[in-house]
Amino acid sequence: MIQWEADIRREQRELRRYLTPQEIKRRWEAVRNVMDAQGVEVMLILDGYWEGYNQWLIGTRSVHVVVFQKDGPAYAVFDTEMGRAGWFEREAIPEQERGRERDGIAGCREEEKQNILFVNKLELVNLSGILRRYGSSRLGFIHMEAMTLLIKKFLQKEAPGIEFADITDAIDPVKARKSPEELALIKNTVKLQETVFNVLPFVIRPDRTIMEIDREMRYLCECLGSKDAECLSLCLQAGNPNEGAVPYRTGFTTWPDRRLAKGDQVSVLLETNGIGGYFSALGRHFYLGEPAEEEYHYWEAAIKLQDFAAERLIPGRSVKEIYEGNAAYADRMGFKTNPRNYMHSLGYCLGEKPFLLDRTETIPLREDMVYIIHPYVRFVRKNSWGKREWDEMYAIDTYRVTSRGGIRENNIPRELIILA
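Remember, it's a predicted structure, so these values are computed and weren't measured experimentally. (Residues numbered from 1 in each chain as written. Predicted model: local features only at pLDDT ≥ 70, side-chain atom pairs only at ≥ 80, totals over all residues. Heavy atoms only, no water.)

**Considering the sheet that holds strand β16 (residues 407-408)**
Move 1: Strand order in this open sheet of five strands is β11-β10-β12-β15-β16, and the pairing throughout is antiparallel. Of all strands in the sheet, those bounded by a partner on one side alone are β11 (352-355) and β16.
Move 2: Looking at chain direction, strand β10 (residues 343-345) and β11 are connected through two bridges and run antiparallel. Counted as the bridge partner of Ser-345 is Glu-352 from β11.
Move 3: Packing against the sheet, helix α7 (residues 168-176) makes contact with β10, β11 and β12 (370-373), and its axis sits at approximately 110 degrees to β11. (Pairing = 2+ DSSP bridges. Helix = DSSP H or I, 4+ residues; strand = E, 2+ residues; numbered from the N terminus. Contact = heavy atoms within 4.5 Å. Axes fitted to C-alpha atoms, helices over the stretch in contact; angles between N-to-C directions.)

So this is what it looks like as structure tokens:
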């Protein structure tokens, strides 16, 4: 078995292990309902890796293009001309070697099968024949902006005169709304991160370097089920607030040689997945010794901003509306908030849309979307010595959208963590 086949089989075994056939069927039907509403019988997923579209529908993030039909099989395309040249040893998986992957990604019963055909060239997909069968005059896309010259030439040949329709914004909120099975997987990741945080007081201590701490946190996460290079286990801030501002990554100036000492502040972020592949996020500030009184003042403001956002995390609102309210609230408290993307959904990747500061930021939220919320409190420390005058503080937590506002998923106390 060549490497790419082995990767597919491994990824799909995981999908079958952690999700029921009914969940896979639900996802396909949800997408097809959107396609029907958009007047599209055939759709191409051009950039399904970053937001996890390929994994969500096909069971693997390794493919380059997915051709998805309203009522027929999906084509997962590994195109050598799009990258990873030399990865393939033959045109396509022979019929006798496709096994269960040929018939279904979830080992479904006969009536529940979701057919997926794996090919290694886009030309092997008879797109013109598929479009003729439907009598289609409209071709749908997820992330049409990712179209390459090679794909464009293929479509000019296979689908001349066909109208192109980017239906990404219509499908994004459907994908971001989590099913009970998906929520259970996210809860598993939340428990993983809580376990790591309970160990951190033994990991973050004087005379250790940030590199040592980061490696140990990553190792702990991987032992508990996190995987992939996208999983972030980071000390985002490390420095002494009594010596000036320690904003984002400033403490890395002498990294990795600088060793922690009494009085240092260390800010930790876990954005990791768990068993089943779903991400969550958790972040707090750790202090080696008692922090100055002003630290509590800034932290209290950060919690108020997070609560303000969470209370408005209800169906029908948008992340843009919440951000603008947050910014005005911070002004009333005498602070500024940084215009960064501190609100995005979490799924098979670190972030999925609707995003803040993106064209999707006005899409109305839906029940059971899962969001990271960490509005920034930006301030100037009283003892700032001018190297960089402003600093920032924030709590990082994962919330679920409900009619009563955002519900925090973890049980780690929202307080400054003081290490002796």
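Picking up where we left off.
**Section: the packing of aromatic side chains**
Move 1: What the rule picks out here adds up to 11 aromatic pairs.
Move 2: Plain terms: the ring middles of Phe-78 and Phe-118 are 6.2 Å apart, the flat faces sit at 40 degrees to each other, and that makes the pair tilted. Of this pair, Phe-78 sits in the loop between β3 (74-77) and α4 (95-103) while Phe-118 sits in strand β4 (residues 116-119); the two residues are 40 residues apart in sequence, bridging distant segments of the chain. The two residues Phe-78 and Phe-118 agree in class, both being buried.
Move 3: On the numbers, 5.9 Å between centres and 55 degrees between planes, the contact of Tyr-323 with Tyr-342 is tilted. Note that Tyr-323 is positioned in helix α11 (residues 319-333) and Tyr-342 in the loop between α11 and β10, a separation of 19 residues in sequence.
Move 4: The class of Tyr-323 is buried, set by a relative accessible area of 16%.
Move 5: Joined through ring pairs, the aromatic side chains of Tyr-323, Tyr-342, Tyr-376 and Tyr-394 make up one cluster.
Move 6: Over the aromatic face of Tyr-49 sits the side chain of Arg-61, whose NZ or CZ is 4.2 Å from the ring centroid.
Move 7: Positioned over the ring face of Tyr-134 is Arg-133, at 4.4 Å from the centre of the ring. (Phe/Tyr/Trp six-rings, centres within 6.5 Å; stacked < 30°, edge-to-face > 60°. Buried < 20%, exposed > 50% of the residue type's maximum accessible area, 1.4 Å probe, protein only. Lys NZ or Arg CZ within 6 Å of the ring centre and 35° of its normal.)

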